[in-house]
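# Descriptive structure summary
Here are the chains, one letter per residue:
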Amino acid sequence: MLTLLSTLYTSETALCCLVGGCFLVLGGLLLSPWASRLVGRFSRHALTGYILSAIAWLWVGLELYFRPVDLLAFVSPGKTLCIALALIPASWFLLANLLPVRALGGLFMLWPMPVILAVRSDPSLWRLVPVVLGYLHLLCGMIFVFHPWTLRVICDRLVERPRELQVVGLFYVLAGFLMCCSACLLQAPVAA
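The paragraphs below set out a description of the structure included in this document. (Residues numbered from 1 in each chain as written. Predicted model: local features only at pLDDT ≥ 70, side-chain atom pairs only at ≥ 80, totals over all residues. Heavy atoms only, no water.)

Further remarks concern the nonpolar core. Core analysis: the biggest nonpolar cluster contains 33 residues, and Cys 17, Leu 24, Val 101, Val 115, Leu 133, Leu 151 and Met 179 have the highest contact counts within it. Mapped by element, the contributors of at least two residues to this core are helix H2 (12-30), helix H4 (46-66), helix H6 (99-110), helix H7 (112-119), helix H8 (128-146), helix H9 (149-160) and helix H10 (162-185). The residues contacting Leu 133, other than those within four sequence positions of it, are Leu 24, Trp 111, Ala 175 and Met 179. (Core = buried A, V, L, I, M, F, W, Y, C linked by side-chain atoms within 4.5 Å. Buried < 20%, exposed > 50% of the residue type's maximum accessible area, 1.4 Å probe, protein only. Helix = DSSP H or I, 4+ residues; strand = E, 2+ residues; numbered from the N terminus. Contact = heavy atoms within 4.5 Å.)

This part is about the pattern of salt bridges. All chains considered together, the criterion is met by two salt bridges. A salt bridge links Arg 67 to Glu 63, with the shortest nitrogen-to-oxygen separation between them at 3.6 Å. Notably, a salt bridge pairs Glu 164 with Arg 157, separated by 3.3 Å at the nearest N-O pair. (Salt bridge = Lys/Arg side-chain N within 4 Å of Asp/Glu carboxyl O.)

Next up on the list: the packing of aromatic side chains. Applying the stated criterion to the full structure yields four aromatic pairs. Centroid distance Phe 108 to Phe 144: 6.0 Å. Interplanar angle 40°. Geometry classified as tilted. With Phe 108 in helix H6 and Phe 144 in helix H8, this pair connects stretches of sequence that are 36 residues apart. Judged by relative accessible area, Phe 108 falls into the buried class, the value being 13%. (Phe/Tyr/Trp six-rings, centres within 6.5 Å; stacked < 30°, edge-to-face > 60°.)

So, about the layout of surface pockets. Roughly 1,200 Å³ of volume is contained in the largest pocket. As for the largest pocket, its lining consists of 36 residues, of which Gly 27, Leu 30, Leu 104, Phe 108 and Tyr 172 are closest to the centre. In terms of residue class, the lining of the largest pocket is made up of 29 nonpolar, six polar and one charged. Taken as a whole, the second largest pocket encloses approximately 250 Å³ of empty space. If you trace the second largest pocket, you find 13 residues lining it, with Trp 57, Arg 102, Ala 103, Gly 106 and Val 145 closest to the centre. Elements represented by at least two residues in the lining of the second largest pocket include exactly H4 and H6. (1 Å grid on protein atoms, 1.4 Å probe; cavity = no way out; pocket = protein on both sides within 12 Å on 5 of 7 lines; lining within 4 Å. Points joined across faces, edges and corners; volume = space filled by probe spheres on them. Nonpolar A, V, L, I, M, F, W, Y, C, P; charged D, E, K, R; others polar.)

Here you go:
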């Protein structure tokens, strides 16, 4: 067991899959029937929108700081982080309508990138598990950012039908366990 944990900490691929799997399991547990009131109120809850959008913008700023893109080569990495910090309150005021849904969509679009970059060179077929789940979340994230009322309608429907809420929550928990299993099986150590 100790060998497995030490391997997970030295493999970027496994670590990304493990963190992604834990987030999926957490999301599945939040979709349990006892949290149906939270699901129904999610799309209009302002504080949740503020927190999720701040996390999303900080994540964008840190990604651009540590992995600069050619399109923004004229801006230093430090300035991109400052711009991301300035965009937090701007998004609060300009995108206040359904902000939690848009922020969740942004997070859905952000989390697959490090996972897909980490697993692209792994020769195992288990690398396809995080890639497929990542692209599914990327697609859902784009839908939620550009059409946020879609998630509001889905949440309302799930609150009315607790059985469907359980199925969606179970899907997320199983997807998270599958990601954690792929983290254990993708153990190619990172070159130092």
